[in-house]
Amino acid sequence: MRPRFEAILAFTAFATLSACRDKNQPDAYGNFETTEVVISAEASGQLLWFKADEGQPLAHGQLVGVIDTTQLALQQRQLSAQRGAATSHVTEVGQQLDALRVQHEIAERNYERVKRLFAEQAATAQQLDQAERDYKVLGEQIQAAEAQQRSVGEDVKSTDARLAQIGQQLAKSRITNPVAGTVLARYTDRGEFVQPAQPLYKIANLDSMILRAYVTETQLARVKLGAPAAVSIDTGGKARRTLTGTVSWVSSQAEFTPTPIQTRDERKDLVYAVKVRVPNPGGIVKIGMPADVRF
């Protein structure tokens, strides 16, 4: 009876230990990731100043570099001078047009008067032809001046558009950080010649991280958007730290287990991707770090 009693006791202890072990097992495993943004140049030229070191925190809108703008500044000065000359020409043509319109009104009144005199046989046909000629010539001169005024006005508009374009290029020569975060990688240095769309540095907001994990279909019912989740990470040795995260995304489509497949049977198991947003106090969570999660 004693051996049988010891066997029963051992089996009970093993079952109890297995139950506790299953109870303490996490619901899923995953790795941390974050949204990484690659900042590229928007203008071409020599990089005169650049300050975006790896690990450096940058604020939104912070100036991190300046691209040489000498040629753009010279073009801007030249176009400003051209615009000033064109504006003066517009004013000059306008004044000429005003004078021609006054002369045209006088010529019209004289033409009407000569027509009345000619009807009364108090003016000659030659005088009538001359008055009519003066009236029509001034009308044609007015039309030509109006066309010239429109042409010069279009030149001013074209110059304004070019000046606005250069102003935009000058603004893009100042490299400002678009998102707050920490510099992850630096791709260039001061003195190099950069082109538009050339990557300069990579940045990410590390204040909160995203744990991507995978759950089975049976676990899916317990995963709710906005629900809290306990995320455990290693902090050295056997110590672990638990952070409280929030489920921010659940995949609507199943996929095969993305981990390396060991057997053919494992490939039959479909899982759903889940994202848990976790605060990162003191930057203890790193990109790619593994973690356990309980929902």
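So, here is what we can say about the structure in this document. (Residues numbered from 1 in each chain as written. Predicted model: local features only at pLDDT ≥ 70, side-chain atom pairs only at ≥ 80, totals over all residues. Heavy atoms only, no water.)

## With respect to the overall build of the protein chain
Logical step 1: Helices and strands together make up the secondary structure of the protein chain, namely four helices and 15 strands.
Logical step 2: By residue count, 28% of the 295 residues in the protein chain fall in the buried class.
Logical step 3: When contacts within the protein chain are restricted to residue pairs at least 6 apart in sequence, long-range pairs at least 24 apart make up 74% of them. (Helix = DSSP H or I, 4+ residues; strand = E, 2+ residues; numbered from the N terminus. Buried < 20%, exposed > 50% of the residue type's maximum accessible area, 1.4 Å probe, protein only. Contact = heavy atoms within 4.5 Å.)

## What to know about the pattern of salt bridges
Logical step 1: Considering all chains together, one arrives at 13 salt bridges under this definition.
Logical step 2: With a shortest N-O distance of 3.5 Å, lysine 115 and glutamate 112 are connected by a salt bridge. With lysine 115 and glutamate 112 both in helix α2 (residues 70-119), this residue pair falls three residues apart, about one helical turn.
Logical step 3: For lysine 136, the salt bridge goes to glutamate 132, with nearest N and O atoms at 2.9 Å. With lysine 136 and glutamate 132 both in helix α3 (residues 125-172), this residue pair falls four residues apart, about one helical turn. (Salt bridge = Lys/Arg side-chain N within 4 Å of Asp/Glu carboxyl O.)

## Structural notes on the sheet that holds strand β7 (residues 181-186)
Logical step 1: Strand order in the open sheet formed by four strands is β2-β9-β7-β4, with antiparallel pairing between adjacent strands. Because the sheet does not close on itself, it has two edges, and the strands there are β2 (36-40) and β4 (57-58).
Logical step 2: Relative to strand β9 (residues 199-204), β7 runs antiparallel, the two sharing four bridges. Directly across from alanine 185, in β9, lies its bridge partner lysine 202. (Pairing = 2+ DSSP bridges.)

## Here's the deal with the pairing of strand β3 (residues 45-50)
Logical step 1: Sheet topology note: the β3/strand β8 (residues 193-194) ladder contains two bridges and is antiparallel. Bridge pairing links glycine 45 to valine 194 in β8.
Logical step 2: Where β3 lies against strand β5 (residues 63-67), three bridges are found, and the strand directions are antiparallel. Counterpart to leucine 47 in the pairing with β5 is isoleucine 67.

## Examining the packing of aromatic side chains
Logical step 1: In the structure shown here, the tally under the stated rule is two aromatic pairs.
Logical step 2: Measuring from centroid to centroid gives 6.1 Å for phenylalanine 50 and tyrosine 201, while their planes differ by 50°, and the two rings are tilted. Taken together, the residues span a long stretch of sequence, with phenylalanine 50 in strand β3 and tyrosine 201 in strand β9 at a distance of 151 residues. The two residues phenylalanine 50 and tyrosine 201 agree in class, both being buried.
Logical step 3: Centre to centre, the rings of tyrosine 111 and tyrosine 135 are 5.8 Å apart; their planes meet at 15°, and the pair counts as stacked. With tyrosine 111 in helix α2 and tyrosine 135 in helix α3, this residue pair connects regions lying 24 residues apart in the sequence.
Logical step 4: Sitting over the face of the ring of tryptophan 249, lysine 275 holds its NZ or CZ atom 5.2 Å from the ring centroid. (Phe/Tyr/Trp six-rings, centres within 6.5 Å; stacked < 30°, edge-to-face > 60°. Lys NZ or Arg CZ within 6 Å of the ring centre and 35° of its normal.)

## Section: unusual backbone geometry
Logical step 1: Backbone geometry places glutamine 121, a non-glycine residue, at a positive phi of 60°.
Logical step 2: Here glutamine 121 is to be found in the loop between α2 and α3.
Logical step 3: A positive phi angle, close to 75°, is found at alanine 197, a residue other than glycine.
Logical step 4: Within the element layout of this structure, alanine 197 appears in the loop between β8 and β9.
Logical step 5: On the accessibility criterion, alanine 197 (61% relative accessible area) is exposed.

## Points about the environment of threonine 91
Logical step 1: Note on placement: threonine 91 falls in helix α2.
Logical step 2: Taking the C-alpha atoms as reference points, threonine 91 and glutamine 149, 58 residues apart in sequence, are found 8.8 Å from one another.

## Some points on α3
Logical step 1: Here α3 is 48 residues long and its end C-alpha atoms lie 71 Å apart, about the 70 Å a rise of 1.5 Å per residue gives.
Logical step 2: Of all the residues in α3, the buried ones are Leu128, Ala131, Leu138, Gly139, Ile142, Ala145, Val152, Val156, Thr159, Leu163, Ile166 and Leu170.
Logical step 3: In the core, the buried residues of α3 are packed alongside α2 and β6 (174-176). (Expected span 1.5 Å × (residues − 1).)

## A short note on the nonpolar core
Logical step 1: Counting residues in each nonpolar core, the largest one holds 20 residues, and the members touching the most others are Phe32, Leu211, Val231, Ile233, Val276 and Val293.
Logical step 2: Secondary structure elements with two or more residues in this core: β1 (28-33), β10 (208-216), β11 (228-236), β12 (239-250), β14 (270-279) and β15 (290-294).
Logical step 3: Beyond its immediate sequence surroundings of up to four residues, valine 276 is in contact with Met209, Ile210, Leu211, Ala229, Val231, Gly245, Thr246, Val247, Ser248, Val293 and Phe295.
Logical step 4: Counting 15 residues, the second largest nonpolar core, distinct from the first, contains Ala43, Ile175, Leu200 and Ile203. (Core = buried A, V, L, I, M, F, W, Y, C linked by side-chain atoms within 4.5 Å.)

## Focus: the environment of alanine 185
Logical step 1: As for its placement among the helices and strands, alanine 185 is situated in strand β7.
Logical step 2: The exposure class of alanine 185 is buried, given its relative accessible area of 13%.
Logical step 3: The spacing of alanine 185 and glutamate 54 is 131 residues in sequence and 5.4 Å in space, taken between C-alpha atoms.
Logical step 4: In this view, alanine 185 contacts Glu54, Tyr201 and Lys202; residues no more than four positions away in its chain are not counted.

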